[in-house]
Amino acid sequence: MLCLGPLAVAAQTTPPEKAEPAPPDDRFVSLPGLTVSADAGAANGLENLQTPALGVAVEADQIEAVNTVNAEDAIRYAPNLIVRKRYIGDANSTLSFRNMHTTQTPRALVTVDGFLISDFLGASFDTAPKWAVLGPSDIGRAEIIYGPTSARYAGNSLGGVLRLETRDLIERKLRVNVQSFAQDYEYYDTSENLLGYSVDTQLETPVGDDGGVALAYRHFSNEGQPQQWRTAAADSPFADQATVDNELGFPLRIAAQDSVVDSTEDQFRLRGEIGLDDNWRLRGLGALLVDREERLDPESFLVDGAGDSTFVGVSGVQRYSSESTELLAGVGLAGRLAGWDTDITLSRFETLDDRARQSDAADINTGIIPRSGLVTDNESSWNNAGVTGERAFGDHAIATGLSYRNYKGSSRTRTTDDFLAATNLSDRNASGGETRLLGAFVEDAWALAKRFTLTLGLRYEQWRASDGFLVDDENHVTYPTRRRDAWSPKAALTFTPDADTEIVFSAARATRFPTIGELHQADLIAFGPNVGTLDLNGFNPDLEPERGRGSAAYGYPSLRQCRSHVVRLSPGREGHAVLAVADRGGCHHR
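Residues numbered from 1 in each chain as written. Predicted model: local features only at pLDDT ≥ 70, side-chain atom pairs only at ≥ 80, totals over all residues. Heavy atoms only, no water.

1. Overview of the overall build of the chain
Scanning the chain from N- to C-terminus turns up 2 helices and 31 strands. Each of the 590 residues in the chain was classed as buried or not, and the buried ones make up 46%. Of the contacts made within the chain by residues no fewer than 6 positions apart, 65% connect residues no fewer than 24 positions apart. Summed over all atoms, the accessible surface of the chain reaches about 30,200 Å², with 53% contributed by carbon and sulfur. (Helix = DSSP H or I, 4+ residues; strand = E, 2+ residues; numbered from the N terminus. Buried < 20%, exposed > 50% of the residue type's maximum accessible area, 1.4 Å probe, protein only. Contact = heavy atoms within 4.5 Å. Areas by Shrake-Rupley, 256 points an atom, 1.4 Å probe, with all protein chains shown as cover.)

See below:
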């Protein structure tokens with residue numbers, strides 16, 4: 001319980017007996033006390049966790065209590081992670097755990113019902129998970145696992161794993177969810193009233209005794225705040241009108257804002273699960289995503305002698321537009337085979353169309369934004385397959401499996417005399433490549449005694465990068481095929497002194513292999529004197545795998561104040577230890 005009441009602060013400059021009564025101050029209003037309380041609700045332990053690990057779960061009732069607009073909102077408030085979401089509908093909402101930067105996207109592995117939605121084509125803001133394959137109401141549970149403690153997951157679990165599970169479809173119903181949102185945004189001379197809405201309709205019908213199918217369509221539209229401000233040169237004609245910001249220790253003359261972001265998305269979703277017989281169950285997920293984003297109306301805070309808005313002296317002002325169509329399809333089969341609990345998954349993601357258009361920067365002498373610019377077409381796809389089997393042999397619970405993953409990506413940029421019409425295109429640069437990852441694992445949970453369990457795991461991965469290329473005015477390079485492999489051992493000892501407490505000591509190694517973007521794909525320089533030119537230092541075809549290791553001791557004892565407590569002790573820099581305490585009931589300490 002948290003109580004808030006009025007707070008009074010008084011300052012006296014004369015003895016109380018001589019003080020004159022202070023005149024009433026209309027700026028302050030005394031408010032009545034406010035009491036805030038919440039029901040602890042059900043425990044949110046990792047009921048389906050398949051190996052000892054530090055993590056939390058977000059249950060269906062908790063998701064329903066959150067004002068979710070997009071699927072990623074379901075886990076935004078979980079401890080020890082960050083969803084980098086700049087505005088509602090941000091297509092670059094990356095997921096980061098405590099040991100990674102927001103651009104280290106290949107360190108976070110995300111699945112939906114076992115289907116991979118992580119974009120491992122690169123390591124940047126634009127390789128966020130494909131959250132839009134789900135609507136917010138589709139999610140029934142989310143499990144968050146911190147670190148690479150399980151042999152079941154590839155080295156991309158170096159930061160952590162997010163397992164999303166969809167809601168059961170057991171009733172015939174029509175769901176209609178309408179949302180609206182507004183934002184009043186002011187900063188520097190920017191003042192915007194931004195609006196958005198979404199309409200999500202879903203038809204659900206049961207199939208058999210315990211299965212169901214759902215067909216859904218969602219339309220989403222929103223305005224996001226400008227993502228950047230532009231500065232004027234000190235000697236430019238209208239620089240004296242700019243807002244000067246000295247917070248960085250030198251003057252920034254804020255003279256213009258980028259355009260408001262107009263984003264629109266149409267989602268077509270199909271998912272279901274049916275029982276084939278008493279043993280086998282079939283599940284499927286399909287999503288078609290059509291996205292459009294426009295930033296076509298930058299605004300200047302400067303005016304010329306005639307009183308008209310002008311970009312004279314302002315650098316970096318551009319217009320931008322993009323559209324994409326993406327498809328995800330996945331099928332899974334689970335059942336018992338020769339005494340083994342077996343699960344098989346197959347999925348494919350493909351970009352059917354992806355084009356980005358941007359104008360050249362405004363001329364600082366005339367202030368005119370030209371129609372000429374660049375058009376970039378991207379092609380990408382990935383395939384994912386896996387099979388796992390689990391079986392108990394006396395005191396041993398054995399799990400084993402195989403996995404396959406293949407990513408392809410290429411990008412082609414051309415100049416144009418009209419960036420919106422994309423006319424008179426001329427090749428400027430292109431790059432791309434392919435990666436493949438094969439994996440195999442075995443894991444044994446051995447019940448040593450009544451209260452002790454030793455879990456040992458080993459994962460082997462074989463990686464290959466091929467078909468890498470780079471083409472521009474001065475280069476035409478093809479990169480040789482590269483191969484690497486790695487062994488990743490895992491170990492954990494679990495002690496359960498009573499029904500409410502679990503103490504785990506764990507150690508693990510993991511290897512994260514490079515992506516196509518890190519190896520072969522060159523982006524354009526966004527800042528500085530060479531803006532718009534190819535960044536030949538932004539990739540490395542000889543990049544080696546990223547290797548990580550970790551050890552931890554943590555426990556889950558029950559406390560009267562919160563639902564449960566997690567205490568984690570792990571090695572830090574220079575031999576120091578890091579102690580993290582997370583209340584899996586809503587609090588967080590460190």
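And the narrative resumes.
2. A word on the confidence of the model for the chain
The predicted model of the chain has a mean per-residue pLDDT of 85, with 83% of residues at 70 or higher. This model gives residues 1–19 a pLDDT under 50, and the stretch forms 14 contacts once residues within four places in sequence are excluded. Of the regions scoring below 50 in pLDDT, residues 557–590 engages in 84 contacts with residues more than four places distant in sequence or in other chains. (pLDDT = per-residue confidence, 0-100.)

3. Regarding the nonpolar core
Counting residues in each nonpolar core, the largest one holds 50 residues, and the members touching the most others are Ile75, Leu95, Ile144 and Leu162. Looking at this core, the element that brings in the most residues is strand 8 (residues 139–146), giving 5 residues. Those residues in contact with Ile75, other than ones at most four positions away along the chain, are Val58, Leu81, Val83, Leu95, Ala142, Ile144 and Leu162. (Core = buried A, V, L, I, M, F, W, Y, C linked by side-chain atoms within 4.5 Å.)

4. Topic: the packing of aromatic side chains
Two numbers describe a pair of aromatic rings. These are the distance of the centres and the angle of the planes. Taken as a whole and assessed by the stated rule, the structure comprises 13 aromatic pairs. Here the aromatic residues Phe120, Phe349, Trp382 and Tyr407 are joined through ring pairs into a cluster of three or more. The ring of Phe125 has Arg84 lying over it, and the distance from NZ or CZ to the ring centre is 3.7 Å. (Phe/Tyr/Trp six-rings, centres within 6.5 Å; stacked < 30°, edge-to-face > 60°. Lys NZ or Arg CZ within 6 Å of the ring centre and 35° of its normal.)

5. Structural notes on empty space enclosed by the protein
Taken as a whole and assessed by the stated rule, the structure comprises 4 cavities of 30 Å³ or more. In this structure, the largest cavity occupies an estimated 130 Å³ of space. For the largest cavity, the lining is made up of 16 residues, of which Asn156, Arg405, Thr435, Phe513 and Pro514 are closest to its centre. Within the residue set of the lining of the largest cavity, elements represented by two or more residues are strand 22 (396–416), strand 23 (426–447), strand 24 (452–471) and strand 27 (501–512). (1 Å grid on protein atoms, 1.4 Å probe; cavity = no way out; pocket = protein on both sides within 12 Å on 5 of 7 lines; lining within 4 Å. Points joined across faces, edges and corners; volume = space filled by probe spheres on them.)

6. Notes on the environment of Val290
Within the secondary structure, Val290 sits in strand 17 (residues 281–295). For the pair Val290 and Gln267, spaced 23 residues apart in sequence, the C-alpha separation works out to 6.6 Å. In this structure Val290 touches Thr264, Glu265, Asp266, Ser324 and Thr325, once residues within four positions along its chain are discounted.

7. Re the environment of Ile88
You can see Ile88 is positioned in the loop between strand 4 (81–84) and strand 5 (94–97). Counting along the chain gives 95 residues from Ile88 to Gln183, while the straight-line C-alpha distance between them is 10.0 Å. With residues near it in sequence (within four places) discarded, Ile88 still touches Val69, Asn70, Phe181, Phe220, Asn222 and Ser263.

8. Let's talk about the pattern of salt bridges
Under the defined criterion, the tally for this structure stands at 37 salt bridges. Between Glu59 and Arg141 there is a salt bridge whose closest N-O contact spans 2.4 Å. Taken as a pair, Glu59 in the loop between strand 3 (54–58) and helix 1 (60–65) and Arg141 in strand 8 lie far apart in primary sequence, 82 residues in all. Each member of the pair, Glu59 as well as Arg141, carries the same accessibility label: buried. Taking the shortest distance from any N to any O, the salt bridge between Arg371 and Asp418 comes out at 3.1 Å. (Salt bridge = Lys/Arg side-chain N within 4 Å of Asp/Glu carboxyl O.)

9. Topic: the sheet that holds strand 3
Strand order in the open sheet formed by 5 strands is 3-8-9-6-7, and the pairing between neighbours is mixed. The open sheet is flanked by strand 3 and strand 7 (115–116), the only strands paired with a single partner. (Pairing = 2+ DSSP bridges.)

10. Remarks on the pairing of strand 12 (residues 211–224)
The pairing of strand 11 (residues 190–207) with strand 12 spans 12 bridges and is antiparallel. What sits directly across from Gly196, in strand 12, is Asn222. As defined by bridge partners, strand 12 adjoins strand 16 (residues 261–275) across 13 bridges and the pair is classed as antiparallel. Bridge assignment links Ser221 to a residue of strand 16, and that residue is Thr264.

11. With respect to unusual backbone geometry
Unusually for a residue other than glycine, Ala338 sits at a positive phi of about 55°. Looking at the secondary structure, you find Ala338 in the loop between strand 19 (320–337) and strand 20 (340–359). With relative accessibility at 66%, the residue Ala338 sits in the exposed group. Backbone geometry at Asp467 places phi at a positive 60°, although glycine is not the residue there. Given the relative accessible area of 53%, Asp467 is considered exposed.

12. Quick notes on the side chain of Arg459
Its location among the elements puts Arg459 in strand 24. In this structure the side chain of Arg459 is engaged in a polar contact, spanning 3.3 Å, whose partner is the backbone oxygen of Arg152. Of the polar contacts made by the side chain of Arg459, one reaches the side chain of Ser403; its length is 3.0 Å. Setting aside residues up to four positions removed in sequence, Arg459 forms contacts with Ala151, Arg152, Tyr153, Ala154, Ser403, Gly439, Ala440, Phe441, Ala486, Trp487 and Ser488. (Polar contact = N/O pair within 3.5 Å; in protein donor to acceptor, adjacent residues only side chain to side chain.)

13. Observations regarding the pairing of strand 8
Of all 8 residues in strand 8, 8 are buried, a share of seventy percent or more. Where strand 3 lies against strand 8, 5 bridges are found, and the strand directions are antiparallel. Within strand 8, the position partnered with Gly55 by the bridge is Ile145. Where strand 8 meets strand 9 (residues 160–166), 7 bridges bridge the pair, whose relative direction is antiparallel. Each residue of the ladder has a partner; that of Ala142, found in strand 9, is Leu164.

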